[in-house]
Amino acid sequence: GLSAKYDGHFLLCDFKGASTASGIWSFKMQPKGASFELVEKEQFIWNTLVTDVDFGYDGHVYFSDWIEGWAMTGKGRVYRISDPATVKSADEVKGIFAGDFTKRPVDELKGLLAHRDMRVRQEAQFTLAEKGADGQRALAETAAQGKTIQARLHGIWGLGQLAQSSRFKVQSLAALR
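We now turn to the structure provided with this report. A quick note: this is a predicted structure, and the numbers were derived from the prediction, not measured.

### Some thoughts on the sheet that holds strand 4 (residues 50-55)
1) Next: On the basis of which strands lie adjacent, the open sheet formed by 3 strands has the order 4-5-6 and antiparallel pairing. Two strands in the sheet have a free side with no partner beyond their single neighbour: strand 4 and strand 6 (77-81). Taking the axes of each pair of neighbouring strands and ignoring which way they run, one obtains an average angle of 20° across the sheet.
2) Next: Pairing of strand 5 (residues 61-65) with strand 6, which is carried by 5 bridges, proceeds in the antiparallel orientation.

### Overview of the nonpolar core
1) Next: Core analysis: the largest hydrophobic core is formed by 18 residues, its most contacted members being Leu 112, Leu 128 and Leu 139.
2) Next: Only helix 1 (91-98), helix 2 (106-112), helix 3 (118-129), helix 4 (132-145) and helix 5 (149-165) provide two or more residues apiece to this core.
3) Next: Setting aside anything within four residues of it in sequence, one finds Leu 112 in contact with Ile 96, Phe 101, Arg 104, Val 120, Arg 121 and Ala 124.

### Observations regarding the packing of aromatic side chains
1) Next: On inspection of all chains with the given rule, the structure shows 8 aromatic pairs.
2) Next: Both rings, one in Phe 15 and one in Trp 70, keep their centres 4.9 Å apart while their planes meet at 70°; by these two values the pair is edge-to-face. Pair noted here: Phe 15 is in the loop between strand 1 (10-14) and strand 2 (23-32) and Trp 70 is in the loop between strand 5 and strand 6, with a separation of 55 residues, a long-range link.
3) Next: Residue Trp 70 is classed as exposed on the basis of its relative accessible area, which comes to 62%.
4) Next: With a centroid separation of 5.3 Å and an interplanar angle of 40°, the aromatic rings of Phe 97 and Phe 101 are classed as tilted.

### Thoughts on the environment of Leu 2
1) Next: By the secondary structure assignment, Leu 2 is in the segment before strand 1.
2) Next: Put simply, Leu 2 and Val 87 are 85 residues apart on the chain and 6.7 Å apart in space, counted from C-alpha to C-alpha.
3) Next: In this structure Leu 2 touches Phe 44, Phe 55, Val 61, Ser 82, Asp 83 and Thr 86, once residues within four positions along its chain are discounted.

What counts and how
Residues numbered from 1 in each chain as written. Predicted model: local features only at pLDDT ≥ 70, side-chain atom pairs only at ≥ 80, totals over all residues. Heavy atoms only, no water. Pairing = 2+ DSSP bridges. Helix = DSSP H or I, 4+ residues; strand = E, 2+ residues; numbered from the N terminus. Axes fitted to C-alpha atoms, helices over the stretch in contact; angles between N-to-C directions. Core = buried A, V, L, I, M, F, W, Y, C linked by side-chain atoms within 4.5 Å. Buried < 20%, exposed > 50% of the residue type's maximum accessible area, 1.4 Å probe, protein only. Contact = heavy atoms within 4.5 Å. Phe/Tyr/Trp six-rings, centres within 6.5 Å; stacked < 30°, edge-to-face > 60°.

Below, the structure written as structure tokens:
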């Protein structure tokens, strides 16, 4: 629900006890050798005592506001923000989550490992890890030959889930080639 300007950005709450000094930072990381560097840092929302920020399935950004100070007043607010021009694009994600992931075919779940939205990728990963040998095969294939780095990572993480659960013998990726 935000404009393309915020693609790949993190949102971080900065709670300093006074609303005039607090808010939400927007920033992006870019690779720098074996590490990363902070780029495009800006005050996303400011002059609010933000305690948490998250994205809803409806495309809006939600954040909670403590109002003022450190004392527990029992008061607070929740705000919802979005860019009206782009919030409609969230309907696809909302539709994906309206369905039951466990009823989706393995090939569809495998394709969702490359989805733009991390929540969709993660739910597909967890569901594939519960699908037995077919899910393991899809995760291994994606880990070895996924379309995007994110898809490959979710394939690897899904195989890690299976290895920890000891339900399946996880084959080496070399054996699947």
